Structures are given as structure tokens and as C-alpha cells.
Amino acid sequence: MRIRVETRQDGNVEVPRRFRLNGDPVDVVEMVDQWFGVGYRYCKVKGSDGALYILRYDELRSEWCLAMFASERSQAVTGEWTSPRQRVKGLLQ
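Residues numbered from 1 in each chain as written. Predicted model: local features only at pLDDT ≥ 70, side-chain atom pairs only at ≥ 80, totals over all residues. Heavy atoms only, no water.

> Any chance you could break down the overall build of the protein for me, citing the residues and the numbers?
A tally of helices and strands in the protein yields two helices and seven strands. Starting at the N terminus and walking to the C terminus, you meet the elements of the protein as β-β-β-β-β-β-β-α-α. Within the protein, buried positions represent 27% of all 93 residues. When contacts within the protein are restricted to residue pairs at least 6 apart in sequence, those whose partners lie at least 24 apart make up 18%. If you sum the accessible surface of the protein, you get close to 6,800 Å²; carbon and sulfur atoms cover 49% of it. (Helix = DSSP H or I, 4+ residues; strand = E, 2+ residues; numbered from the N terminus. Buried < 20%, exposed > 50% of the residue type's maximum accessible area, 1.4 Å probe, protein only. Contact = heavy atoms within 4.5 Å. Areas by Shrake-Rupley, 256 points an atom, 1.4 Å probe, with all protein chains shown as cover.)

As C-alpha cells, this is what we get:
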């Protein structure tokens, strides 16, 4: 999904500062990670709404898009989740 992103300068790279999702502004409160490829860059950020986002910047088209979204609630659920194998292992110990 293409999105509009406001950026700021961080060294010689522009990084997301704020973006709009469904018309609502989301401030970037933390840059968690970023990685580069040929012609693109991914930024994993934490939004002011507590959600995690992965934003992809296409350098050839100068376009940002939303690649992944995980709400604060879903992070809490998956953070507490254990696989069946981990549960069985815990029971056997």
C-alpha cells in the first residue's frame, strides 16, 4: 500500500519522521532497524500509536509503501505465544 511519508535527514540518509495511514498521522517514535537492497530500502519503525511498521522506499520511483503492520495488541499476543513444542518441552522438564 503506497503511503505519504515525511522524512528527516539522518546523516546522509532520509529516514521516516511521520506518515499518514488511512488519513491519520502516525509519528515515528523509534527507528528499530533498516536494511538496504539494490534500488530500495526498508525501515522498521515504531509508531506513536504503539504499532510496528515496516516501510519500503523504492529509490527508483521515489515512493514509500507500507510493507508490514503489527498493532500493539497483536505484539502483546504474539509476545506471550509459545509453540506447542516449547509447551511440551516445559511439561517434560
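> Outline the packing of aromatic side chains, supporting the account with residue identities and numerical values.
As enumerated under the stated definition, the model contains five aromatic pairs in all. Connected via pairs of aromatic rings, a cluster forms that spans Phe19, Tyr53 and Phe69. Across the ring face of Tyr40, the terminal group of Arg56 is positioned such that the distance to the ring centre comes to 4.7 Å. (Phe/Tyr/Trp six-rings, centres within 6.5 Å; stacked < 30°, edge-to-face > 60°. Lys NZ or Arg CZ within 6 Å of the ring centre and 35° of its normal.)

> Account for the pairing of strand β4 (residues 24-37), naming residues and giving values.
Across four bridges, strand β3 (residues 13-21) lies against β4 in antiparallel orientation. Bridge pairing in β4 places Phe19 opposite Val26. The antiparallel hairpin formed by β4 and strand β5 (residues 40-47) contains two residues in its connecting segment, where Gly39 sits at a positive phi of about 85 degrees. (Pairing = 2+ DSSP bridges.)

> Please provide a residue-by-residue account of the pattern of salt bridges, values included.
Any two side chains of opposite charge can pair if their charged atoms end up close together. One pass over the full model with this rule turns up five salt bridges. Across the pair Arg2 and Glu63 runs a salt bridge, and its minimum N-O distance is 3.0 Å. Residue Arg2 is found in strand β1 (residues 2-3), and its partner Glu63 is found in strand β7 (residues 63-70); the two are separated by 61 residues along the sequence. Three or more residues joined by partner-sharing salt bridges are found here, namely Glu6, Arg17, Arg18 and Asp27. (Salt bridge = Lys/Arg side-chain N within 4 Å of Asp/Glu carboxyl O.)

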